[in-house]
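Spelled out from the first residue to the last, the chains are:
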Amino acid sequence: GENVEQHPSTLSVQEGDSAVIKCTYSDSASNYFPWYKQELGKGPQLIIDIRSNVGEKKDQRIAVTLNKTAKHFSLHITETQPEDSAVYFCAAVDQTGANNLFFGTGTRLTVIP
Amino acid sequence: GAVVSQHPSWVICKSGTSVKIECRSLDFQATTMFWYRQFPKQSLMLMATSNEGSKATYEQGVEKDKFLINHASLTLSTLTVTSAHPEDSSFYICSASREGRNSPLHFGNGTRLTVT
């Protein structure tokens with residue numbers, strides 16, 4: 001099955017700086033890569049996703065890049081704000097399942113005011 | 001707004017009792033829903049795939065007799081933790097997709113189960 005690795009596990013940045021979280025996946029057949037933000041005591045919320053037919057996608061302060069050859073994808077958050085503080089998970093879809101998401105181990109982002 | 005509703009948000013029960021958690025898709029039909037378990041400061045672990053009108057598919061190591069899943073309608077899946085023990089205490093989260101395969105999965109807000 002798919003194996004998703006995520007780094008770093010924790011990340012602290014000053015408010016206004018950028019944050020980058022990186023993930024790698026193992027199954028070259030995977031073609032859908034969502035990113036989720038999870039706040040304490042809540043379920044994950046989809047913040048952005050990318051399909052394998054594009055290399056980059058941007059939504060305001062959030063962008064995701066995908067390198068299919070290297071099998072890695074990254075989340076970029078610019079102009080970070082304290083409310084961006086949360087745990088972020090990357091994921092890849094397992095092509096053998098109905099819509100089975102394989103999650104990374106998570107990154108705890110802290111934005112320091 | 002929320003597209004997947006989960007209830008209850010938290011529950012405390014005694015050892016040996018059973019607890020039912022509901023997951024509803026709002027304003028869309030979901031033939032497939034997913035149940036995850038999350039331990040503190042860890043990632044989400046897929047427990048099972050809930051299929052409307054048929055048996056759930058359980059991941060390796062997940063006891064199907066312990067975690068009963070019923071997907072009786074296109075908008076509702078339930079997870080029942082039977083004969084709960086303290087080690088079953090965890091955060092349980094369901095998810096569903098509007099469009100099916102390779103489309104965004106939306107998650108409920110989770111259920112915090114504490115077994116005393």
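The structure we're discussing is the one just above.
Please read all numbers here as calculations on a predicted model, not as lab measurements. (Residues numbered from 1 in each chain as written. Chains lettered and ligands numbered in written order. Predicted model: local features only at pLDDT ≥ 70, side-chain atom pairs only at ≥ 80, totals over all residues. Heavy atoms only, no water.)

(A) Examining the pattern of salt bridges more closely. Residue and element names in this part refer to chain A. Scanning the model with the defined rule gives six salt bridges over all chains in all. Residue D84 is joined to R61 by a salt bridge in which the shortest nitrogen-to-oxygen separation is 2.8 Å. On the criterion of sequence distance, the pair formed by D84 in the loop between β8 (72-77) and β9 (86-94) and R61 in the loop between β6 (56-59) and β7 (62-67) is long-range, its members being 23 residues apart. The exposure class assigned to D84 is buried, which follows from its relative accessible area of 7%. The class of R61 is partly exposed, set by a relative accessible area of 22%. Counted as one network, the salt bridges with shared partners bring together K37, E39 and K42. (Salt bridge = Lys/Arg side-chain N within 4 Å of Asp/Glu carboxyl O. Helix = DSSP H or I, 4+ residues; strand = E, 2+ residues; numbered from the N terminus. Buried < 20%, exposed > 50% of the residue type's maximum accessible area, 1.4 Å probe, protein only.)

(B) Up close: the sheet that holds strand β1 (residues 4-7) of chain B. Residues and elements named next belong to chain B. Spatial strand order, β1-β3-β8-β7: four strands in an open sheet with antiparallel pairing. Each edge of the open sheet carries a strand with a single partner, namely β1 and β7 (67-73). Put simply, the sheet's adjacent strands are angled 15° from each other on average, direction ignored. Relative to strand β8 (residues 76-81), β7 runs antiparallel, the two being bridged by five bridges. For I69, the partnering residue across the bridge sits in β8 and is L79. (Pairing = 2+ DSSP bridges. Axes fitted to C-alpha atoms, helices over the stretch in contact; angles between N-to-C directions.)

Nothing here speaks to function; it is geometry throughout.
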